[in-house]
Amino acid sequence: MFENLSDRLGGVFDRLTKQGALTEDDVTAAMREVRVALLEADVSLPVARNFVKAVTSKATGSAVTKSITPGQQVVKIVHDELIKTLQGDDAPDALRIDNPPAPILMVGLQGSGKTTTTAKLALRLKDREKKRVLMASLDTNRPAAMEQLAILGTQIGVDTLPIVPGQTAPQIAQRAKQQASLGGYDVVMLDTAGRLHIDQQLMDEVLAVRDIAQPRETLLVVDGLTGQDAVNVATEFDGKVGISGVVLTRMDGDGRGGAALSMRAITGKPIRFVGLGEKMDALETFDAQRVAGRILG
Ligand code: GDP
């Protein structure tokens, strides 16, 4: 995912660390290259700009340029600033699923990987956190999507709400909550319908479902390959329905990685998980330290 960015930054920092003494001009020139590398990775302009500004101001102090290993000091500053950009000041708290049955609302555009991610997360909660999970598809437009969730549920050993034709999405949400309470489930995951684009009808439906479900977490699933578009989608969803976190899918692909770097800084919402493939276990908790490590090779 970050191969190009990683290569570009690797080149810049190799030169810096080999150089011995550094002047402020050396740092400024290197940061100019970092900025270009970030923009080529599809990081949003204001994020790239702030990043470079923060690193430059920390790296041009005499403590760095006069130190014995100035290049390495700059790399360390970049590393710390990457973590800050990826996650804000602190890693997010655990998902709020302590009060059973805790509703998790899954939202996003069609094709983003929402249904797959719903099942992946359900499996994870079941296996790692020993939660009893009930999944429900609210995609009344696409019976195939409902079937898909049911099939995945069978595959991973997680219950799905029986499909009742003719119900509206809020009615299904209501039934899912009731069933979750009666059945003693810890978590009820609601996989909402997506559309190809954000439109009023989609938002109205998500809002109606949200009001009924009263979710503890509203996770937006976005395609990590779409770079700044993913961030725009997150901004819109957050403004209209309010999200508590983001799942970036297709991070196994050869996208440029900009979505991961811009998401937190632009939306203020944490990336919770990353999807790394089609298989049910291909979901990773988002760990800014690990991602920063990957970016810096
Ligand atoms: P939805 O329309 O948003 O519910 O999307 P789906 O869950 O049906 O996913 C669409 C396609 O993307 C499916 O073929 C999934 O297997 C695939 N997919 C989902 N997440 C990932 C991921 O993290 N990596 C890869 N490579 N494919 C994924």
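Parameters at a glance
Residues numbered from 1 in each chain as written. Predicted model: local features only at pLDDT ≥ 70, side-chain atom pairs only at ≥ 80, totals over all residues. Heavy atoms only, no water. UniProt positions renumbered as here; feature names shortened; annotations may be inferred. Helix = DSSP H or I, 4+ residues; strand = E, 2+ residues; numbered from the N terminus. Buried < 20%, exposed > 50% of the residue type's maximum accessible area, 1.4 Å probe, protein only. Contact = heavy atoms within 4.5 Å. Areas by Shrake-Rupley, 256 points an atom, 1.4 Å probe, with all protein chains shown as cover. Lys, Arg positive; Asp, Glu negative; His and termini not counted. Charge placed at Lys NZ, Arg CZ, Asp CG, Glu CD. 1 Å grid on protein atoms, 1.4 Å probe; cavity = no way out; pocket = protein on both sides within 12 Å on 5 of 7 lines; lining within 4 Å. Points joined across faces, edges and corners; volume = space filled by probe spheres on them. Nonpolar A, V, L, I, M, F, W, Y, C, P; charged D, E, K, R; others polar. Phe/Tyr/Trp six-rings, centres within 6.5 Å; stacked < 30°, edge-to-face > 60°. Lys NZ or Arg CZ within 6 Å of the ring centre and 35° of its normal. pLDDT = per-residue confidence, 0-100. Near = heavy atom within 4 Å. Polar contact = N/O pair within 3.5 Å; in protein donor to acceptor, adjacent residues only side chain to side chain. Core = buried A, V, L, I, M, F, W, Y, C linked by side-chain atoms within 4.5 Å. Pairing = 2+ DSSP bridges.

Per an unreviewed UniProt entry, the protein carries the name Signal recognition particle protein and comes from Paracoccus subflavus. Quoted verbatim from the Sequence similarities (unreviewed entry) heading of the UniProt record, the comment on the protein is "Belongs to the GTP-binding SRP family. SRP54 subfamily."

Peer 1: Looking at this model, I keep getting lost on the overall build of the protein. Mind explaining?
Peer 2: On a plain count of helices and strands, the protein comes out with 12 helices and eight strands. Structurally, the protein occupies a C-alpha span of about 70 × 40 × 30 Å along its principal axes. The buried share of the protein, reckoned over its 297 residues, is 51%. Across the protein, contacts joining residues at least 24 apart in sequence account for 76% of those joining residues at least 6 apart. Of the roughly 13,600 Å² of accessible surface on the protein, 49% is carried by carbon and sulfur atoms. Positive and negative side-chain charges of the protein, numbering 35 and 37 respectively, have mean locations separated by a distance of 2 Å.

Peer 1: Where do I start with the environment of Glu236 in this structure?
Peer 2: Among the secondary structure elements, Glu236 is positioned in helix α10 (residues 228-241). Among the residues examined, Glu236 registers a relative accessible area of 38% and is labelled partly exposed. Residues Glu236 and Ser44, spaced 192 residues apart in sequence, show a C-alpha to C-alpha distance of 16 Å.

Peer 1: Can you help me understand the layout of surface pockets in this one?
Peer 2: Empty space among the atoms becomes visible once a probe the size of a water molecule is rolled across them. Each pocket or cavity is described by its volume, and for the largest pocket that value is around 380 Å³. Lining the largest pocket are 21 residues, with Gly111, Ser112, Gly113, Thr116 and Arg250 positioned closest to its centre. Here the lining of the largest pocket gets five residues from one element, more than from any other, and that element is helix α6 (residues 114-129). Its residues placed into classes, the lining of the largest pocket shows one nonpolar, 12 polar and eight charged. Lining the second largest pocket are 18 residues; nearest its centre among them are Pro92, Asp93, Ala94, Arg272 and Thr285. Contributions of two or more residues to the lining of the second largest pocket are made by α6 and β7 (271-275). Ranked by the residues each element gives to the lining of the second largest pocket, the list is headed by α6, at four residues. Grouping the constituent residues of the lining of the second largest pocket by class yields 11 nonpolar, two polar and five charged.

Peer 1: Sorry if this is basic, but what is going on with the packing of aromatic side chains here?
Peer 2: How two aromatic rings sit relative to each other is given by the distance of their centres and the angle of their planes. All chains considered together, the criterion is met by zero aromatic pairs. Sitting over the ring of Tyr185, Arg132 keeps its end group 4.4 Å from the ring centre.

Peer 1: Would you mind showing me how to read the confidence of the model for the protein here?
Peer 2: Any residue range with low pLDDT should be treated as having predicted coordinates unsuitable for detailed reading. Across the protein, the average pLDDT comes to 94, with 100% of residues at or above 70. Reported for the predicted complex are a pTM of 0.95 and an ipTM of 0.99.

Peer 1: Would you mind showing me how to read the site of the ligand here?
Peer 2: Around the ligand, the surrounding shell holds 18 residues, and the nearest of these are Gly111, Lys114, Thr116, Arg250 and Asp252. The separation between a nitrogen atom of the ligand and a polar side-chain atom of Asp252 is 2.8 Å. Alone, the ligand offers 580 Å² of accessible surface; in the complex the protein occludes 82% of this. For the shell around the ligand, the element with the most residues is α6, which contributes four residues. Taken together, the residues of the shell around the ligand sort by class into two nonpolar, 10 polar and six charged.

Peer 1: I tried to follow the UniProt feature "domain: SRP54-type proteins GTP-binding" (unreviewed entry) in the protein on my own but got confused; where do I start?
Peer 2: Mapped onto the present numbering, the UniProt feature "domain: SRP54-type proteins GTP-binding" (unreviewed entry) falls at residues 270-283. The annotated region residues 270-283 carries 0% helix and 43% strand content, and the separation between its end C-alpha atoms amounts to 16 Å.

Peer 1: Looking at this model, I keep getting lost on the nonpolar core. Mind explaining?
Peer 2: Generally speaking, soluble globular proteins have nonpolar side chains that are buried together. Residues Leu5, Val34, Val74, Leu190, Phe237, Leu248 and Met263 are the most contacted members of the largest nonpolar core, which totals 73 residues. Apart from the residues within four sequence positions on either side, Met263 is in contact with Val222, Ala230, Val231, Ala234, Val246, Leu248, Gly268, Lys269 and Ile271. Residues Leu121, Val133, Met189 and Leu283 belong to the second largest nonpolar core, which totals 24 residues.

Peer 1: Got a minute to help me understand the pairing of strand β4 (residues 187-191) in this structure?
Peer 2: On any regular strand, side chains alternate: one points to one face of the sheet, the next to the other face. Counting buried residues along β4, five of its five residues qualify, which places the element largely inside the surrounding structure. The alternating pattern of β4 places Val187, Met189 and Asp191 on one face and Val188 and Leu190 on the opposite face, and all of these are buried. Pairing analysis gives five bridges linking strand β1 (residues 102-108) to β4, with the strands arranged parallel. Across the sheet, residue Pro103 finds its bridge partner in β4, namely Val188. Relative to β4, strand β2 (residues 133-137) runs parallel, the two being bridged by five bridges.

Peer 1: How do you make sense of the side chain of Asp191 when you look at a structure like this?
Peer 2: By secondary structure assignment, the location of Asp191 is in strand β4. Excluding residues within four positions of it along the chain, Asp191 makes contact with Met106, Lys114, Thr115, Thr118, Ala136, Ser137, Leu138, Asp139 and Leu149.

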